[in-house]
Amino acid sequence: MLDSLRAPGEQMAAFLPKLALALLVLALFAGAARLIHRILARWTGTESDERRAVLRLFGRLLYTGLLAIGVVTALGTLGINVSALVAGLGLTGFALGIALKDGLSNMVSGAMLLIYRPFRIGDRITVAGNEGVVTSIDLRYTTLSAPEQRVLIPNSTLFTNNVIVHRPPEADA
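Report follows, based on the coordinates.

About the cut-offs
Residues numbered from 1 in each chain as written. Predicted model: local features only at pLDDT ≥ 70, side-chain atom pairs only at ≥ 80, totals over all residues. Heavy atoms only, no water. Helix = DSSP H or I, 4+ residues; strand = E, 2+ residues; numbered from the N terminus. Buried < 20%, exposed > 50% of the residue type's maximum accessible area, 1.4 Å probe, protein only. Contact = heavy atoms within 4.5 Å. Areas by Shrake-Rupley, 256 points an atom, 1.4 Å probe, with all protein chains shown as cover. Pairing = 2+ DSSP bridges. Axes fitted to C-alpha atoms, helices over the stretch in contact; angles between N-to-C directions. Expected span 1.5 Å × (residues − 1). Salt bridge = Lys/Arg side-chain N within 4 Å of Asp/Glu carboxyl O. Core = buried A, V, L, I, M, F, W, Y, C linked by side-chain atoms within 4.5 Å.

## Considerations on the overall build of the chain
Line of reasoning, step 1. Across its full length, the chain holds five helices and five strands.
Line of reasoning, step 2. From first element to last, N terminus to C terminus, the chain shows the α and β order α-α-α-α-β-β-β-β-α-β.
Line of reasoning, step 3. Expressed as a percentage of its 173 residues, the buried residues of the chain come to 24%.
Line of reasoning, step 4. Long-range pairs, those at least 24 residues apart, make up 53% of the contacts in the chain with a sequence separation of at least 6.
Line of reasoning, step 5. Carbon together with sulfur atoms contributes 64% to the accessible area of the chain, which is approximately 11900 Å² in total.

Below, the structure is given as structure tokens:
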């Protein structure tokens, strides 16, 4: 009977260092995620509105990714077999990628537009039969203003079609 009482106590004594190490690993990953998030938040204060959206998105993705890696690492430190969890997360990511293909395509295209700036707010452009002045560029749509209409063009359309940027006539010298 005494042996059966010692076994749980010994198991707890062996488990506590693993638990402490797992909590330390999780705290380190959470701290690193917060630090990177704060650094990017400071950078967004000095950037233009277009690039601020990209940096905010990038910061959220890094923060979430680091926390997820921290949780999986902490569980592995506890001795839990995380291979099934990682495989499940991979399959879930694959299924979500297929389901959200168009939205993700627009988001990535929007980020590329904001980074490379093939045109800017105020430029007059023609794309896919639509012409107007660019009034805003966000992660999903680019908004064109034309006489008596506002046209929202998905950013993936801007990446898969020819875009004509109309330049104002040069001033006579």
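## What about the sheet that holds strand β4 (residues 149-154)?
Line of reasoning, step 1. One open sheet holds the five strands; their spatial order is β4-β3-β2-β1-β5, and the pairing between them is antiparallel. The two strands at the open ends of the sheet, each matched to only one other strand, are β4 and β5 (163-166). Across the sheet, the mean angle separating the axes of adjacent strands is 40 degrees when strand polarity is ignored.

## What about helix α4 (residues 101-116)?
Since one α-helical turn is 3.6 residues long, residues separated by three or four positions face the same way.
Line of reasoning, step 1. Relative to the 22 Å expected for 16 residues at 1.5 Å per residue, α4 spans 22 Å between its end C-alpha atoms, a close match to the ideal helical length.
Line of reasoning, step 2. When we look at burial in α4, the residues that qualify are Asn-106, Ser-109, Gly-110, Ala-111, Leu-113 and Leu-114.
Line of reasoning, step 3. After α4 finishes, the residue Arg-117 shows a positive phi value of roughly 50 degrees.

## What about the pattern of salt bridges?
Line of reasoning, step 1. Going through the model one piece at a time under the given rule, you end up with two salt bridges.
Line of reasoning, step 2. In this structure, Lys-101 and Asp-102 form a salt bridge, with 3.4 Å as the shortest nitrogen-oxygen distance. Taken individually, Lys-101 and Asp-102 each receive the classification exposed, so the pair is uniform in this respect.
Line of reasoning, step 3. For Glu-131, the salt bridge is made with Arg-124, and the minimal N-O distance between the two is 2.1 Å.
Line of reasoning, step 4. By relative accessible area, which is 37% here, Arg-124 ends up partly exposed.

## Structural notes on the nonpolar core
Line of reasoning, step 1. Counting residues in each nonpolar core, the largest one holds 15 residues, and the members touching the most others are Phe-119, Ile-125 and Leu-158.
Line of reasoning, step 2. Elements with a contribution of two residues or more to this core: α2 (49-77), α4, β1 (124-127), β2 (130-137) and β4.
Line of reasoning, step 3. The leading source of residues in this core is α4, at three residues.

## What about the side chain of Asn-106?
Line of reasoning, step 1. By the element assignment, Asn-106 lies in helix α4.
Line of reasoning, step 2. Using a relative accessible area of 5% as the deciding quantity, one classes Asn-106 as buried.
Line of reasoning, step 3. Among all residues touching Asn-106, those that are not within four sequence positions of it are Leu-139, Arg-140, Pro-154, Asn-155 and Ser-156.

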